[in-house]
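Okay, here's what each chain looks like letter by letter:
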Amino acid sequence: MLNDNTIAIYVILDDMLQAIHHQEDGQRRVNDALVLTTALIAAWYFGGNWTSALGYMRSHHCPCMLGSSRFNRRLHNVALLAEYCFRLLGWLFKQTNTRQRYILDTFPVNICHNIRISRSKLLQGEDYRGKNTSKREYFYGYKVALLIDERGCPTELAFLPGNYSDHSALKRPRGGPLDFDLPEGSIVWQDSGFTDYAWEDFYQQYEQIEFATQRKKGSQRGDSFIDAVAKKQNRKRIETKISEITARFPKRIHAVTIEGFQFKVFLTVMAFAMIKFIEL
């Protein structure tokens, strides 16, 4: 499975880069598609350990694979290219999603344990101190807003400070946390934490996007029994996908910059998207 997926991911990335006419030095023995493939394999199969992934690639696919230091520099040089490829994957998922049903949720990513917050070098400030309601615990770091389609394929991703409310992911105009670049007539399922009547009405009126928000008891816009059951089932679907993604995170995400930390989290989500694309 690892060998087959490695080859499939490389072929997909290479086709994407050719389609956008990506240019690079013809004398390179390790092209950008191979660098990104190694990073995704590291994120999904090796707990983010690039050294292990490089060793695997060197012994199974590319004897001339780069050393750790040079690989690190090359990977950070193609970070924007990786984000573009993820957006392209999201666009492909949207094009093949005939029912245009989506699910939105957030999940926390810790920068450090609570006892080490005062010594954190990556982040500082109360904006990043959030609460994980489902586990009844506090965390220090980011909330990752993830939009998937009903097949479980990631289409959009955004990082929010841990203290921000879930509905902050909805804020617009474009350029905000999430683009919600969805076709007219789309329905987005989400839990009660995203409740924001003004923004729901805005999207409904100007974008023709309906937000099927799970309502609390006593809400101004309550749910019927059938709607409540349907929304609860869809919430479980995205929770399952989030669990699959977070299970691949290492116990500690090592990074020396906040951009590097976010990039490692992003690579795990992108690797999951690649696996889903291969399965379709």
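For the structure, see preceding data.
First, a word on scope: everything that follows refers to the structure included in this document. Within each chain, residues carry numbers counting from 1 in the order of the written sequence. For a predicted model such as this one, the threshold for reporting local features is a pLDDT of at least 70, and the threshold for listing and counting side-chain atom pairs is 80 or more; totals across whole chains, interfaces and linings nevertheless cover every residue. To obtain the side-chain values, all non-hydrogen atoms of the structure were included, while hydrogens and water were left out.

**Remarks on the packing of helix 2 (residues 32-45) against helix 3 (residues 50-60)**
Formally: In this analysis, axes come from line fits to C-alpha atoms, helices being fitted only over the stretch in contact, and the angle between any two N-to-C directions falls in the range 0 to 180 degrees. Every helix listed is a DSSP run of H or I at least four residues long, and every strand listed is a run of E at least two residues long, numbered separately from the N terminus. Orientation categories follow fixed angle ranges, with anything under 35 degrees roughly parallel, anything over 145 roughly antiparallel, 65 to 115 roughly perpendicular, and all other angles oblique. Crossing handedness follows the turn of the near helix against the far one: under a right angle anticlockwise gives a left-handed crossing, and clockwise gives a right-handed one. Contacts between residues were defined by any pair of non-hydrogen atoms, one from each residue, lying within 4.5 Å. For this scheme, ten residues count as nonpolar: Ala, Val, Leu, Ile, Met, Phe, Trp, Tyr, Cys and Pro. Four count as charged, namely Asp, Glu, Lys and Arg, and the remainder, Gly too, count as polar.
It is the contact of helix 2 with helix 3, at a shortest axis distance of 9 Å, that shows an interaxial angle of 120°. In terms of axis orientation, helix 2 runs oblique to helix 3. Helix-helix and strand crossings are classified by hand; for helix 2 and helix 3 the assignment is right-handed. Listed contacts from helix 3 to Leu34, Thr37, Thr38, Ile41 and Ala42 of helix 2 are Trp50, Ala53, Leu54, Tyr56 and Met57. The class makeup of the residues in the contact of helix 2 with helix 3 is 8 nonpolar, 2 polar and no charged.

**Some thoughts on the packing of helix 5 (residues 79-96) against helix 8 (residues 258-279)**
Where helix 5 contacts helix 8, the two axes come as close as 10 Å, and the packing angle between them is 35°. Relative to helix 8, the crossing made by helix 5 is left-handed. Residues Ala79, Ala82, Glu83, Cys85, Phe86, Leu89, Leu92 and Phe93 of helix 5 form the contact with helix 8, whose own contacting residues are Phe263, Phe266, Val269, Met270, Ala273, Met274, Lys276 and Phe277. Its residues placed into classes, the contact of helix 5 with helix 8 shows 14 nonpolar, no polar and 2 charged.

**As for the layout of surface pockets**
The condition is simple: Think of a 1 Å grid over just the protein atoms. A cavity is a set of points where a 1.4 Å probe fits yet cannot get out, a pocket is an open set with protein on both sides within 12 Å along at least five of seven lines, and lining residues have an atom within 4 Å of a point. Grid points are joined across faces, edges and corners, and a volume is the space filled by probe spheres set on the points.
Approximately 1500 Å³ is the volume attributed to the largest pocket. Lining the largest pocket are 45 residues, with Pro108, Val109, Asn110, Asn132 and Phe139 sitting closest to its centre. Every element with two or more residues in the lining of the largest pocket is listed here: strand 1 (101-112), strand 2 (129-132), strand 3 (137-149) and helix 7 (225-246). When residues in the lining of the largest pocket are grouped by element, the largest group, 8 residues, is from strand 1.

**Examining the pairing of strand 5 (residues 187-190)**
Note the threshold: Residue burial is assigned from relative accessible area. The probe radius is 1.4 Å, only protein chains are included, and a residue is buried under 20% of its type maximum, exposed over 50%, and partly exposed in between. DSSP calls a pair of strands paired once it identifies at least 2 bridges connecting them. Handedness of a crossover: with both strands directed away from the viewer, a clockwise path from the first strand across the helix to the second marks it as right-handed.
On strand 5, burial covers both faces: Ile187 and Trp189 on one face and Val188 and Gln190 on the other are all buried. Note: strand 1 against strand 5, 4 bridges, orientation parallel. Each residue of the ladder has a partner; that of leucine 104, found in strand 5, is glutamine 190. Relative to strand 6 (residues 210-213), strand 5 runs parallel, the two sharing 4 bridges. Along strand 6, the bridge assignment pairs tryptophan 189 with alanine 212. Read as a crossover between parallel neighbours, the route from strand 5 over helix 6 (residues 197-207) to strand 6 is right-handed.

**Digging into empty space enclosed by the protein**
Sizing a probe to match a water molecule and rolling it over the atoms shows the empty space that remains. Applying the stated rule across the entire model yields 1 cavity of 30 Å³ or more. Empty space within the largest cavity amounts to approximately 40 Å³. Along the walls of the largest cavity sit Ile103, Leu104, Asp105, Trp189, Gln190, Asp191, Lys231, Arg235 and Ile238, which together make up its complete lining. Elements supplying a minimum of two residues to the lining of the largest cavity: strand 1, strand 5 and helix 7. Across the lining of the largest cavity, the residue classes tally to 4 nonpolar, 1 polar and 4 charged.

**A few points about the packing of aromatic side chains**
Definition in use: Each aromatic pair joins two rings of Phe, Tyr and Trp (for Trp, the six-membered one) with centres within 6.5 Å, and gets the label stacked for planes under 30 degrees apart, edge-to-face for over 60, and tilted for any other angle. The rule for a charge over a ring is simple: NZ of Lys or CZ of Arg within 6 Å of the ring centre, and within 35 degrees of the ring normal.
In the structure shown here, the tally under the stated rule is 17 aromatic pairs. Ring centres of tyrosine 142 and phenylalanine 159 lie 5.8 Å apart, and the angle between their planes is 80°; this geometry places the pair in the edge-to-face category. Of this pair, tyrosine 142 sits in strand 3 while phenylalanine 159 is found in strand 4 (residues 154-161), placing the two residues 17 residues apart along the sequence. Considering the side-chain rings of tryptophan 199 and tyrosine 203, the 6.4 Å spacing of their centres and the 45° angle between planes classify their relative orientation as tilted. Taken together, the residues tryptophan 199 and tyrosine 203, both in helix 6 and 4 residues apart, mark about one turn of the helix. Grouping residues by exposure puts tryptophan 199 and tyrosine 203 together as buried. The rings of Phe180, Trp199, Phe202, Tyr203, Tyr206 and Phe211 are connected pair by pair, giving a single aromatic cluster. Directly above the ring of tyrosine 45 sits arginine 248, whose terminal nitrogen or CZ lies 5.9 Å from the centroid.

Everything listed here is a matter of coordinates, which is why it stays silent on function.
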